[in-house]
Amino acid sequence: MMTGSCLCGAVHFKIGVTSGPFELCHCNSCRKVSVSAIVAGLAVPRNSSQWTTSTDSIMAFDVPLLNEPPA
């Protein structure tokens, strides 16, 4: 079981299993959204994770990368 939180500590979570490789992306979209040279990502099945604190601070952003290749 892995545990983690957001940078400010407002939201905590637990992850039991990952379903994909750890990836580093450096496409233009990921660099823009992260204001960094790369974005790190790890796929986690929904049924393998749980929030351990309130989720009131979480916001969503719909990234169109799932429907088209990155620029």
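Small disclaimer: the values here were computed from a predicted structure and weren't measured. (Residues numbered from 1 in each chain as written. Predicted model: local features only at pLDDT ≥ 70, side-chain atom pairs only at ≥ 80, totals over all residues. Heavy atoms only, no water.)

1. With respect to the overall build of the chain
The test is simple: A run of H or I in DSSP counts as a helix once it spans at least four residues, and a run of E counts as a strand once it spans at least two, with each numbered from the N terminus. Contact definition: two residues touch when any of their heavy atoms are within 4.5 Å. Reported accessibility uses the Shrake-Rupley method at a 1.4 Å probe radius. Residues are deemed covered only where the shown protein chains occlude them.
Along the backbone of the chain there are one helix and five strands. Its helices and strands in sequence order give the chain the pattern β-β-β-α-β-β, from N to C terminus. When contacts within the chain are restricted to residue pairs at least 6 apart in sequence, those whose partners lie at least 24 apart make up 53%. Counting every atom, the chain has about 5900 Å² of accessible surface; 59% of that belongs to carbon and sulfur.

2. Quick look at the environment of lysine 14
Note on placement: lysine 14 falls in strand S2 (residues 12–15). Between the alpha carbons of lysine 14 and methionine 1 there is a distance of 6.7 Å; along the sequence they are 13 residues apart.

3. Digging into the sheet that holds S2
Cut-off, in case you're wondering: Pairing between strands requires that DSSP locate at least two bridges from one strand to the other. Fitting a line to C-alpha atoms yields each axis, with helices limited to the stretch in contact; the angle taken between N-to-C directions then spans 0 to 180 degrees.
One open sheet accounts for three strands, arranged S1-S2-S5; its pairing is antiparallel. A strand with exactly one partner marks an edge of an open sheet, and here the two such strands are strand S1 (2–5) and strand S5 (49–51). The average undirected angle you get between the axes of adjacent strands in this sheet is 20°. Looking at chain direction, S1 and S2 are connected through four bridges and run antiparallel. Residue methionine 2 lies in a different strand from S2, and its bridge partner there is isoleucine 15.

4. Notes on the packing of aromatic side chains
Condition: Under the pairing criterion, centres of Phe, Tyr and Trp rings, with the six-membered ring standing for Trp, must be within 6.5 Å; the plane angle then separates stacked pairs below 30 degrees from edge-to-face pairs above 60, leaving the rest tilted.
What the rule picks out here adds up to one aromatic pair. With centroids separated by 6.5 Å and ring planes inclined at 90°, the aromatic side chains of phenylalanine 13 and tryptophan 51 adopt a geometry described as edge-to-face. Of the two residues, phenylalanine 13 is situated in strand S2 and tryptophan 51 in strand S5; the sequence distance between them amounts to 38 residues.

5. Looking at the confidence of the model for the chain
Here is the rule: For every residue, the predictor reports its confidence as pLDDT, a number between 0 and 100.
This prediction gives the chain a mean pLDDT of 85; 87% of its residues lie at or above 70. No element of the chain has a lower mean pLDDT than helix H1 (residues 28–34), at 84, and none a higher one than S2, at 94.

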